[in-house]
Amino acid sequence: MNIISVGVNHKTAPIEIRERISLSEVQNKEFVTGLVSAGIAHEAMVLSTCNRTEIYVVPAMHEVTGEYLKDYIISFREAGKDVRPEHFFSRFYCGTARHLFEVSSAIDSLILGEGQILGQVKEAYRIAAEVQTAGILLTRLCHTAFSVAKKVKTRTKIMEGAVSVSYAAVELAQKIFSNLSMKKVLLVGAGETGELAAKHMFAKNARNIVITNRTRSKSEALAEELGTNQVLPYESYKEHLHEFDIIITAVSTKEYIISEAEMHAAMLKRRLKPVIILDLGLPRNVDPEVSKVQNMFLKDIDALKHIIDKNLERRSGELPKVHAIIDEELVAFGQWINTLKVRPTIVDLQSKFIEIKEKEIERYRHKVSEEELRRMEHLTDRIMKKILHHPIKMLKAPISTSDSMPSRVDLVRNVFDLEEPNQSH
Amino acid sequence: MNNILLTNSPLLLLTQALSLLYLLTTGLYGAHFFGDIQFAKKYKQPSLVMTLLTHLVYLGLLTSIDGFRIGYSTFNIMTMVALTLTTTYFFIEFTTKNDKTGFFVLAFASGAQLLSSILTAQATGTSAAFSGIGIGVHLISSIFSFSAIAIAGLYSFLYLLLFRQIQRNRFELLFQRLPNLEVLERLTMHAVAFGFIFLSITLFAGVIELKANGGAIELMDIKVITLVIIWLFYGVSIFIRPLIGWDIKNMAYLFIILFVFITMLVTLMAIFSPTFHTAAP
């Protein structure tokens, strides 16, 4: 009983290769149902995101190996010209489980601790469950992976701290102001970067966001999208600089749009109450001399990257804790797999005892009263349970180094004279 | 004369236990702040409560010697400073749900308690205790005033520290763990407001007591002068910011200076001039 995983991801292949192998939802369904209906796999699931396409398979034949699956997906995607087996990784059994646990807990991601991957793993499982290619093994594997991810999220700080420039800007603003809902925010530039920063600010309860942009319609559209509906004409926003606690600039310009003299005048008007300017423009939008104005925090992209680097450093420091959680769950998963292996023997053992009991009870059926028969049945049930308790406990126990699962199973089967088990899944 | 600890073994035991508890609690807050140690996070609050309760028992036992009246001595003043600082911090933590500044306040409280324990061990006889509501209010409110001044000074220091960290793009431990600038500013100003109220009570109770004693206290006494100066500074700083928008950074510097000044004064006066106030000629 094996679980194989093969795939391409950001560690094994460049983006051109990942693009060639990636599967849409429709292709995903077609691929996994194809594997199962062709008798290649008992169970199959595909995780396909922008950074990875990975197949998880419980093989139905001995011939199905990692290499077999690599060739299978290359041929399915008709990517033989561009993609080679060397672009793939492959894992088996516990290696597969460990890999999925690492993927789900976002420590295998391009950005350590990113928050999207768990949803993508859940989506992959949903698709497999929908087309009924996720059986007992993949279901258990995926649910354990979800549980690992949850534990990692709650017990470690792997997902804490901003790792994008726009989010770092918000994190910094929150280190100066306690309540963003009470602060007035000016966004200069309604492009993609500005929009993202404004949305992060909005998510942190900043509601008083005023937008200004050279093209007024763009600022109006963004203001409407955010629900603030506050727009300033680009020609006159400088007259209102003193009103704002947070100023975000993200415009494409070769000249500084805010000078030291302008900010100095604005600060005097607002009685030196602290202001943070987040200059997300490249080239920079705000004169660096502005940082010399009293109670002024001017932060450009480089400064914000410092925050990101520190956060990533802290996240890396959490890796030992994450690995400890994964190891713990891996042991539990391995033990569950072992109980799966002994399950037929346990079922056979119980069936044999029930059969013996029923035969013996049958011999006395017409010799004793109904009440006595019921008591005898009750008594034999209790004796049977007590006799079976130890052998079943021994079969389910974790494997030690001096023992092995087949020898235990053989021992029980020989002692109780059980027939040879079927070799089916 | 006998040392009070040598004649009272439960008090001797409590004095040592209390100092250790203060150090333990400070250590736990420090371990959580600097090392993010989960064990410290779990046990720091119970340890804080235990320290406060032990301190109250200790104070009860200490004052029971003289009819539950607090005597004016260095060790009494220091232990009261530790208690009021810890009590004030306890309320700050439980009302603001912010436990990130505990180490800094409790380290100061531990220092005061440790000094008190050392001085108690060296003290001979009991110090003069004061009776009457007026003098009691005067003494207690002056101790609370000092605690408020200490907290204002400590939070001002943390404010300036974080301000510089942000300006210099040093996004490390202090940036991560300290509350934001606005919260630190608010805590400082609350401490200043409380300090002003307690200083006013101290002065008011002192004036009433002075009249009751027929002017037996020298008005040019250094403690009286210092008290009035600090009271003026605090009063002005409460109103100056909303009126003319004085820079919080400048205020922070002022509160730190006042805190350092009064700490030195209290310590020196307590060691070299262990009398209540200079008597008028």
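- As recorded by an unreviewed UniProt entry, chain B carries the name Cytochrome C biogenesis protein and is attributed to Chlorobium phaeovibrioides.

- For chain A, UniProt supplies the name Glutamyl-tRNA reductase and the organism Chlorobium phaeovibrioides.
- UniProt lists a comment for chain A under the heading Function, and it reads "Catalyzes the NADPH-dependent reduction of glutamyl-tRNA(Glu) to glutamate 1-semialdehyde (GSA)."

1. Re the overall build of chain B
And then number 1: The secondary structure content of chain B amounts to nine helices and zero strands.
And then number 2: Its helices and strands in sequence order give chain B the pattern α-α-α-α-α-α-α-α-α, from N to C terminus.
And then number 3: Look at the contacts in chain B between residues 6 or more apart in sequence, and 82% of them connect residues 24 or more apart.

2. Description of the overall build of chain A
And then number 1: In terms of regular secondary structure, chain A is built from 14 helices and nine strands.
And then number 2: Taken along the three principal axes of its C-alpha coordinates, chain A extends 110 × 60 × 40 Å.
And then number 3: Taking all 425 residues of chain A together, the buried fraction comes to 36%.
And then number 4: For chain A, the proportion of contacts with a sequence separation of at least 24, taken over those separated by at least 6, is 71%.

3. Some details on the sheet that holds strand β9 (residues 296–300) of chain A
Residues and elements named next belong to chain A.
And then number 1: Taking strand neighbours across the sheet as the criterion, the five strands line up as β6-β5-β7-β8-β9 in an open arrangement whose pairing is parallel. The sheet is open, and its two edges are formed by β6 (208–212) and β9, each paired on a single side. Averaged over all adjacent pairs, the angle separating strand axes in this sheet is 15°, with direction ignored.
And then number 2: Pairing of strand β5 (residues 184–188) with β6, which is carried by five bridges, proceeds in the parallel orientation. Pairing of Val185 across the sheet is with Ile209, part of β6.

4. So, the domain arrangement of chain A
And then number 1: Domain boundaries assigned for chain A yield domain 1 (4–158), domain 2 (165–305) and domain 3 (346–415).
And then number 2: If you average the C-alpha positions of domain 1 of chain A and of domain 2 of chain A, the two centres end up 43 Å apart.

5. Some details on the UniProt feature "active site" in chain A
Residues and elements named next belong to chain A.
And then number 1: Mapped onto this numbering, the UniProt entry gives "active site" at Cys50.
And then number 2: Mapped onto the fold, Cys50 is located in the loop between β2 (41–48) and β3 (52–59).
And then number 3: Using a count of 13 C-beta atoms within 10 Å as the deciding quantity, one classes Cys50 as partly exposed.

6. Focus: the nonpolar core
And then number 1: Grouped together as the largest cluster of nonpolar side chains are 116 residues, with contacts concentrated most on A:Ala169, A:Val185, A:Ile248 and B:Leu85.
And then number 2: At 17 residues, helix α5 (residues 133–167) of chain B tops the list of elements feeding residues into this core.
And then number 3: Membership of the second largest hydrophobic core comes to 54 residues, among which are A:Val8, A:Ala13, A:Val46 and A:Ile73.

7. Re the packing of α5(B) against helix α7 (residues 181–212) of chain B
Two quantities define a packed helix pair, namely the angle between the helix axes and the distance between the axes.
Residues and elements named next belong to chain B.
And then number 1: Where α5 meets α7, the axes come as close as 7 Å, and the angle between the chain directions of the two elements is 160°. It follows that α5 is roughly antiparallel to α7 by the angle criterion. In this structure, α5 crosses over α7, and the sense of that crossing is left-handed.
And then number 2: A class-by-class count of the residues in the contact of α5 with α7 yields 24 nonpolar, ten polar and two charged.

8. Describing unusual backbone geometry
Glycine aside, negative phi is the norm for most residues, and most peptide bonds take the trans geometry.
And then number 1: A cis amide bond links A:Leu282 with the next residue in sequence, A:Pro283, at an omega value of 0°.
And then number 2: Mapped onto the secondary structure, A:Pro283 falls in the loop between β8 (275–279) and β9.
And then number 3: Of note in the backbone geometry, A:Ala106 takes a positive phi value of approximately 65° without being a glycine.
And then number 4: The backbone of B:Asn169 shows a phi angle near 55°, a positive value even though the residue is not glycine.

Rules used in this analysis
Along each chain, the written sequence defines residue order, and numbers are assigned to residues from 1. Chain letters and ligand numbers both follow the written order, the letters beginning at A and the numbers at 1. Where totals are concerned, whole chains, interfaces and linings use all residues; where local detail is concerned, this predicted model gives features only for residues with pLDDT of at least 70, and gives and counts side-chain atom pairs only at 80 or more. UniProt positions are given in the numbering used here, feature names are shortened, and annotations may be inferred rather than shown by experiment. Counting from the N terminus, the helices are DSSP H or I runs at least four residues long and the strands are E runs at least two residues long. Any residue pair is listed as a contact if its two C-beta atoms, each placed from the backbone, are within 7 Å. The burial criterion counts other C-beta atoms lying within 10 Å of a residue's C-beta, which is placed from the backbone; the residue is buried at 20 or more, exposed at 12 or fewer, and partly exposed between these limits. The pairing criterion is simple: DSSP has to find at least two bridges between the two strands. Helix axes use the C-alpha atoms of the stretch in contact, all axes being lines fitted to C-alpha atoms, and the angles between their N-to-C directions lie in the range 0 to 180 degrees. By convention here, the domain bounds are inherited from an automatic or database domain assignment. The nonpolar core criterion groups buried Ala, Val, Leu, Ile, Met, Phe, Trp, Tyr and Cys residues into a set whenever they are joined through C-beta atoms within 7 Å. Small angles under 35 degrees read as roughly parallel and large ones over 145 as roughly antiparallel, with 65 to 115 read as roughly perpendicular and the rest as oblique. Note: crossing handedness is left-handed where the near helix turns anticlockwise from the far helix by less than a right angle, and right-handed where it turns clockwise. Classification used: nonpolar for Ala, Val, Leu, Ile, Met, Phe, Trp, Tyr, Cys and Pro, charged for Asp, Glu, Lys and Arg, polar for all others including Gly.

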